[in-house]
Structure formats: C-alpha cells, structure tokens
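Here's the letter readout for the chains.
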Amino acid sequence: MCTLSKCFVAICFASLLLTGCKDKEGEKTVNEPVTNDTATPDTAHQPHTVTEDNNLYADVDISPMDMSYFPAKYPQMKIADPRVAPPVMRVIYSRPHLQGRKLFEEILKYGETWRLGANEATELDIFQPVTIGDKKLPAGRYTLYAIPKAGYWTIAVNSSLDQWGLKQDPSHDIVRVQVPVTYYNPVMEYFTMVFEKTGTGANLIMAWDDAVAKLPIKI
Amino acid sequence: MKKWLLFWVLTFLSASFLNAQHWTPVDKSPLDQIYYPADYPSLKVKGTKERLRMRIIYSRPNKNNRPIFGSEIVPYGKVWRLGANEATELNLFTDAKIGGKKVPAGRYTLYALVNEKSWTFIVNKETDTWGAFTYDPAKDVCRVTTDVKELNKPIEALTIDLEKSANGVNLVAGWDTVSATLPISF
C-alpha cells in the first residue's frame, strides 16, 4: 500500500513538473496570451510582450484596437455572399485587459465615467437608422461611454468624435440609457464588445471580468 | 501518508485547472488607427484648431521571421488588403485629391497591388470587406502606381504613417524591407 502511494505521489509530481514545463514553453510562444496565474504582483501591471518580443520598431498597443460589426462578422459574411445587405452598425474600441487586477474598484469606480475601452473614445458607427432608448439615431458616427454602478450601467451616446476618451462632454450626449448588469459570468480577461441578434434588433454586449451589460438597440 | 496523498492529488488537480483556464486572445494582427493630423484625438482634447482630414483603420500583421513580399503572404501581381483581416479602410473627412482625381469625403477601402519594383494603391468604393476576396475593379475610385523604396532595417509590424507634405499628406506604407508612398492633397 505504502509503495503504491509513493508511486502515485511520484506520478503526480512528475505530471506537475511536466505541466510546469508546458507553462514555460507557453510563455515563449509568440501570440500566446499572458495569463494571470503566472503573473506576479511586480510584473502584473507592466506592458507585456505578447506579439512583440522581436519588434524593435512599432510596439503594438497594450490595449489593442478591435472592431465588431452587426450583423456579427459582416465582412466575412460578404465573402460568402457579395450581394449581402449593407451592415447595420459597428463599434470600434480598444481592449484593455485585467492583468491580475479586479475590475471594480481597481480599474473602474462606481459612478465614474468610463470610455468603454481604452485610448480614444469608443466609436459607434451606424450605417442604417436605429433606435437607442427612445431616440431614433440617423446613420452617422457617434461615441459611447458608460457610467457603471453596482446594479446598472448608464450608457451614453455622444456626438463628440475623434477624441481621446478621458474627457467626455455630457452636453453633447444624444441619449442616455440605463441597462442592467449581471455578475458571476465567465471571466473575460480582455474587455469585449460584440453584437447579438435579438427579436427587435440587437444587443451590444459589454463584457469584462465577470460583469456583463447589454445595451438594447432597435433596428 | 493519506494526508500527503490528498495534498498531492489536490495540488495536481488545481494545477491542471489553472492550466485549463483560457483567456480571449489578442488578435495576431491587432487593429490600429492613424489620424491626420497625427494624434488628432489627443490634440482635440487640448483644443486644437487644426482640421481633421483623414484616418486609416487597418490590422497590423507581423513579419515573424517570414519572407513577406513575393511570398505566399503578399504575392506579386495580386491585389492585397494592405493589412490583415478586414481590408484597410480610408476615411476622408474632407474632399481630397488622389492621383490627380478628386475623391469626395467618405469611407473607402484601400488595397495595394504589390510588385517587386512598384506598388499600385487602389481606392475602392466597396467598404466593410474581408481580405481582397470580394475586390471588384468596377468599384475602383482611382489607382496610383508608385516606386518601391528599399529600407535598411526591416519593419516588424506593417506600419502606415500619414506624413505632412507640401500640399497635403503622404501615406507611407512600410513592412519588411520596403515602403511605398501614396501622395494625397487637399
């Protein structure tokens, strides 16, 4: 019995070593996302070198930009059917990541304005008229920001464009909507925005850490 | 002994659990945007009086030790999205002149037809496209052919810069060991 247990312990130990090795290789792999479980407090807040460990000329931003269309993945849809109807809207935003931090209150504070992203103000491009809250919005470019609170987020659609995201001017708000927020969802390391189809149009899903808020948009 | 066994089993299980954790990865070729005037969003917050002219939205593939031009990544003689993922987007916020042609303010797609000694920049009306899979020459707004410049040091990530010129902007696209310039005037 004792030898069996020893054997088992040895196997466990060997497996641990092996998984440990895998981790180390993973760190060196280009394009491998940095995970929290290997980050120490000293390095957690420093820029990582995920895709850029051999790039001397142009650093990729620590919060890279991304864009999401509705219908989802519209540009790829077009390959299958070049005559597909024009897209309805898209959001262009930068994607900050947790890097070991808690979303509330280490990154965001309840009641304070947040650009719904990083760097430039998050942009909502509307290609066909849609309705947000009780406001009909004509095709055009808009910016979005949020004021998160524990039970709900206020989402503002603003007309001030092409500007850094830290100075929102509420006098340019076109509409503000309060949307519920849920917690204990699967944790998202990177702030993520995507559109999901609904019965009346689409929801703009805003997910980060374990929080998810959805902005209903009528089409 | 049993306590030790339990300890190791738990350690092993939690280790595998941590390893199984999966975060949404950053795209290999992250999206980026560049304005003219450069850093316009920061200038605007500081109250700039300069007029916003244009913006490029493009994804930035890396060289990653691969040969780029003339390889299967960007073959010569084929229309290329001038980036990765979605085709590169040109936003003109004022009317402009490209290759002697007046191009009204609006959204366009920017492609490049790459050859060894020259690039042809293509401004196209069809927007929101992926790659160059749906490229339609009938929707071209203009084409401009320019010479290729050899660089001393390779550029790792595809880089598009908008540089001030005498009568407008030079759009300079550089990757690996070459760059090409598209002059735009206002």
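In case you missed it, the structure is sitting above this.
About the thresholds
- Residues numbered from 1 in each chain as written.
- Chains lettered and ligands numbered in written order.
- Predicted model: local features only at pLDDT ≥ 70, side-chain atom pairs only at ≥ 80, totals over all residues.
- Helix = DSSP H or I, 4+ residues; strand = E, 2+ residues; numbered from the N terminus.
- Buried ≥ 20, exposed ≤ 12 C-beta atoms within 10 Å, placed from the backbone.
- Contact = placed C-beta atoms within 7 Å.
- Core = buried A, V, L, I, M, F, W, Y, C linked by C-beta atoms within 7 Å.

**Q** Would you mind going over the environment of A:G133 in detail, with residue names and values included?
**A** All names here are of chain A. Mapped onto the secondary structure, G133 falls in the loop between β4 (130-132) and β5 (135-137). The partly exposed category is assigned to G133, around which 18 C-beta atoms lie within 10 Å. Distance in space between the C-alpha atoms of G133 and M77 is 29 Å, their sequence separation being 56 residues. Those residues in contact with G133 that lie beyond four places of it in its chain are V175 and V177.

**Q** Any chance you could break down unusual backbone geometry for me, citing the residues and the numbers?
**A** At the junction of A:F70 and A:P71, the peptide bond is cis and its omega measures out at -5° in the coordinates. Its place among the elements puts A:P71 in the loop between β1 (65-70) and α2 (74-80). Following B:Y36, the chain continues to B:P37 via a peptide bond in cis, the omega torsion being 0°. Counting through the fold element by element, B:P37 comes out in the loop between β1 (31-36) and α2 (40-45). With phi around 55°, A:L116 is a residue other than glycine that occupies positive phi space. Here A:L116 shows up in the loop between α3 (103-107) and β3 (122-126). A positive phi angle is found at A:Y184, which is not glycine, with a value near 65°. Topologically, A:Y184 is positioned in the loop between β8 (173-182) and β9 (188-197). Assessed through the 8 C-beta atoms surrounding it within 10 Å, A:Y184 is described here as exposed.

**Q** So, the nonpolar core: which residues are in play, and what are the values?
**A** If you look at the biggest cluster of nonpolar residues, it comprises 68 residues, and the most contacted ones within it are A:L144, A:L204, B:Y111 and B:A112. Looking at which element gives the most residues to this core, the answer is strand β10 (residues 168-185) of chain B, with 6 residues. If we skip the residues at most four places from it in the chain, A:L144 touches A:L116, A:T122, A:L124, A:I155, A:A156 and A:V157. Residues B:I68, B:I155, B:A157 and B:L158 belong to the second largest nonpolar core, which totals 5 residues.

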